[in-house]
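Working through the structure, step by step
Given next are the chains, with one letter for each unit.
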Amino acid sequence: MKVCIVGCGAVGSLFAANLGTLDDVEVWAYDLARDHVDAINRDGLRLTGAGEVTGRVRATADASELPPCDFGIVATKAMHTDAAMTSTAHAFVNGCVATVQNGIGNEEVLARHVERVIRGTTFPAGKVTAPGVVQWDIKGDTTLGPFEPKPAPLEEVERLAEACTRAGMPTKALPDARGPQWRKVIFNSATNALGALTGLTHGRVCEQPPLRRLASQLVDEGKAVAGAQGIVLDSDPEDLIDYAARPEVGYNHKASMLQDVEARRQTEVDSLNGGIVEFGRRYGVPTPQNETIWALVKGVEASWLQ
Amino acid sequence: MKRVCVAGAGVIGSLFAGHLAQVADVSVLVRREEHARALNEEGLRVSGRSDLHSRVTAATDPAALPEPELVLVCSKGTDLPELAARMDGHFAGATMMTVQNGLGADEIVGARGAWPILSSVTFMSGTRHTDTHVEYILDTATWIGPSRDTTPADAEAAAELIRSSGLKADAFDDLRPAQWSKLIFNATVNTVAALTGLPHEPRFAQLDDPGDLGHLVLALMDEGKAVAAAAGVELGEDPWEMNVHATNRGSRHYPSMLEDVEAHRRTEIELITGSLIREGRRLGVPVPLHETMYRLIRAKEASWQ
């Protein structure tokens, strides 16, 4: 089996390195960071932290080097999906491509470039600490399922999930994987943007009752949009918010969007709050609070260009 | 000559004091001793749209100042309760004129003395370079109206005095239409600027794509207008038109709330958005988006405490 990871940052590297330990899988990685690519080809792709793994991975910044692959796993930041797929789509003419990116709307972008698309949601997290080296911070599950408008066959989804699980990335294949995806999107939309706009850690967002109520308003809008599509959430995002606020879990965690704002990097707000707004519009569900948050974070991004 | 006291010498207070000293005896009530000393020694310089150097009498204790006939209360809203308390028991013969943003300044001042009160909203702006130097930037008007135990004639007299000093001022029989227009404008523009880091610029009127900031500005203003309507106030200027007009003019104004947030100072959210929310609650008009802005600004303040 040939698998190509498209976008070999932190999350992409977790998949690439783990899959690269299997004898029956040939792993390719497409990434634009030359030093990362060179280090991977020289020393292998190394994970530290939650798991010590070194995987054999063929990395390249030149998409024309990619062979035809059975599977793609797209892990770029959402705003880079379209460009990455334009370059790599030729490798997936007979394959299936999964997204493990944050937010909603990524599957739609993949479907513009390839025929068989897999919806995905992943919870593991980490960060690139040096070229070829990624710190694995959080282990967690991944859920995959066919993307209905251009579905990959469920047997193929199962084949990819089986390989990931065997490699040490527990992955479930479901006929309908929207529940876990929307739970994560709703959770992220409610908590990431509030951290980004206020500068507060997750725990401090939650301990201010008015702000916590705002998080609930954002969750309620997200749930209404999910409900209008017939999506059954696999668990309540509210519980996840309170769970993550515990001191031993994520009280002091700065949401990734807050980290982006502090580093003046473009955020993923378009596919989080913006995604909820767009799906809300499509299904006739009003989402005024998510619209507000979306516009404010877009404004923050615009302020850096001043 | 008329005796005028300017209480609080930030940007607006300094602009009033520097101009009025050309036509009146001006005293200045400040909070810091070194500020008083500098003003007494160096006078007050105004640059920009005016070029003035004015002599003023300054002190931190109201008892040390000559009895004024008119007091322009110019502190920021956040400092107003403390300033009003300091004036308690002083300036018995004076009329107070408040210039704070939002609603509620007259009540805060009025609770500290039986002075007659004029209400005003000011649209002028400037930059304070030092304790004794202010730059006059936007020469827009100050609007004045009767509030407690004052008449339209009193408002006109104050406006005439201010006009004679070279600033723009107009008197209104009922200030509420102007006050509410500015309240809605400030509750929207100041909070959006403070949360995004953007000065008031053309993006605030942009409505092209779904995520554009103009949609939020419009929605916040619509909530404010619904409250004004329920309060029986017919707005003076339409806040959205004010927004479009100001941004089209190419001005990139830094609202004070944005400056407060950047300097990690407490903002005027309570007098501005807070008063709009309280009015909405009193009148049974929902203002969910203003509540969100209020919560976010409050949380931002908490992040540096």
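Look a little higher up for the structure.
Here's what I pulled together on the structure shown here.

Rules and cut-offs
- For every chain, the first residue of its written sequence is number 1, and the numbers climb from 1 along that sequence.
- Labels follow written order: the first chain is A, the first ligand is 1, and so on.
- This being a predicted model, a pLDDT of at least 70 is required before a residue's local features are given, and a value of 80 or more before pairs of side-chain atoms are given or counted; all residues contribute to the totals for chains, interfaces and linings.
- To obtain the side-chain values, all non-hydrogen atoms of the structure were included, while hydrogens and water were left out.
- Each residue's exposure class comes from its accessible area (1.4 Å probe, protein chains only) as a fraction of the maximum for that residue type: buried when under 20%, exposed when over 50%, partly exposed otherwise.
- Elements are defined by DSSP. Helices are runs of H or I of four residues or more, strands are runs of E of two residues or more, and each kind is numbered from the N terminus.
- When DSSP finds two or more bridges between two strands, those strands count as paired.
- The crossover handedness rule: strands pointing away from the viewer, path from first strand over the helix to second strand clockwise, crossover right-handed.
- Every axis in this analysis is a line fitted to C-alpha atoms, fitted for helices over the stretch in contact. Angles between the N-to-C directions lie between 0 and 180 degrees.
- Note on definitions: a residue-residue contact is assigned when non-hydrogen atoms from the two residues lie within 4.5 Å.
- By buried area we mean the combined loss of accessible area, with a 1.4 Å probe, across both parts when two parts are placed together.
- When a carboxyl oxygen of Asp or Glu lies within 4 Å of a side-chain nitrogen of Lys or Arg, that pair is called a salt bridge.
- Any N or O atom pair separated by 3.5 Å or less is treated as a polar contact, with the protein-specific requirement of one donor-capable and one acceptor-capable atom, and with residues adjacent in sequence counted only for side-chain atom pairs.
- For this classification, the nonpolar set comprises Ala, Val, Leu, Ile, Met, Phe, Trp, Tyr, Cys and Pro, the charged set comprises Asp, Glu, Lys and Arg, and every other residue, Gly included, is treated as polar.

All names here are of chain B. Going residue by residue along strand S6 (residues 70–73), you find Leu70 and Leu72 tucked away on one face and Val71 and Val73 tucked away on the opposite face as well. Pairing analysis gives four bridges linking strand S1 (residues 3–7) to S6, with the strands arranged parallel. Paired with alanine 7 across the bridge in S6 is valine 73. The pairing of S6 with strand S7 (residues 95–98) spans four bridges and is parallel. Each residue of the ladder has a partner; that of valine 73, found in S7, is threonine 98. Since S6 and S7 lie parallel, the crossover through helix H3 (residues 80–87) that links them has a hand, and here it is right-handed.

What follows covers the sheet that holds strand S3 (residues 44–48) of chain B. Residues and elements named next belong to chain B. Strands sit in the order S4-S3-S10-S9 across an open sheet of four strands; the sheet is mixed. Each of the sheet's edge strands pairs with one partner strand only, and the pair in question is strand S4 (52–54) and strand S9 (125–130). Taken pair by pair, the neighbouring strands of this sheet meet at an average axis angle of 20 degrees, ignoring direction. When S9 meets strand S10 (residues 133–138), the two strands line up antiparallel, connected through five bridges. Bridge pairing in S10 places arginine 128 opposite valine 134. In the packing of helix H1 (residues 11–20) onto the sheet, the strands contacted are S3, S4, S9 and S10, and the crossing angle to S9 comes to about 90 degrees.

Attention shifts here to the interface of chain A and chain B. If you look at the interface, chain A gives 27 residues, while chain B gives 24 residues. Interface of chain A and chain B: buried area, both sides summed, is about 2,100 Å²; carbon and sulfur atoms make up 61% of it. At the junction of chain A with chain B, the criterion picks out zero salt bridges. One can count seven residue pairs in polar contact (both at pLDDT 80 or more) joining chain A with chain B. Each residue belonging to the side of chain A that touches chain B can be placed in one class, and the counts come to 14 nonpolar, nine polar and four charged.

Attention now goes to the pattern of salt bridges. Residue and element names in this part refer to chain A. The tally for this structure, following the rule as stated, stands at 42 salt bridges over all chains. Salt-bridge contacts for arginine 112 lead to aspartate 82; the nearest nitrogen and oxygen are separated by 3.3 Å. Taken together, the positions of arginine 112 in the loop between helix H4 (106–111) and strand S8 (117–122) and aspartate 82 in helix H3 (residues 81–88) put the pair 30 residues apart, joining distant regions of the chain.

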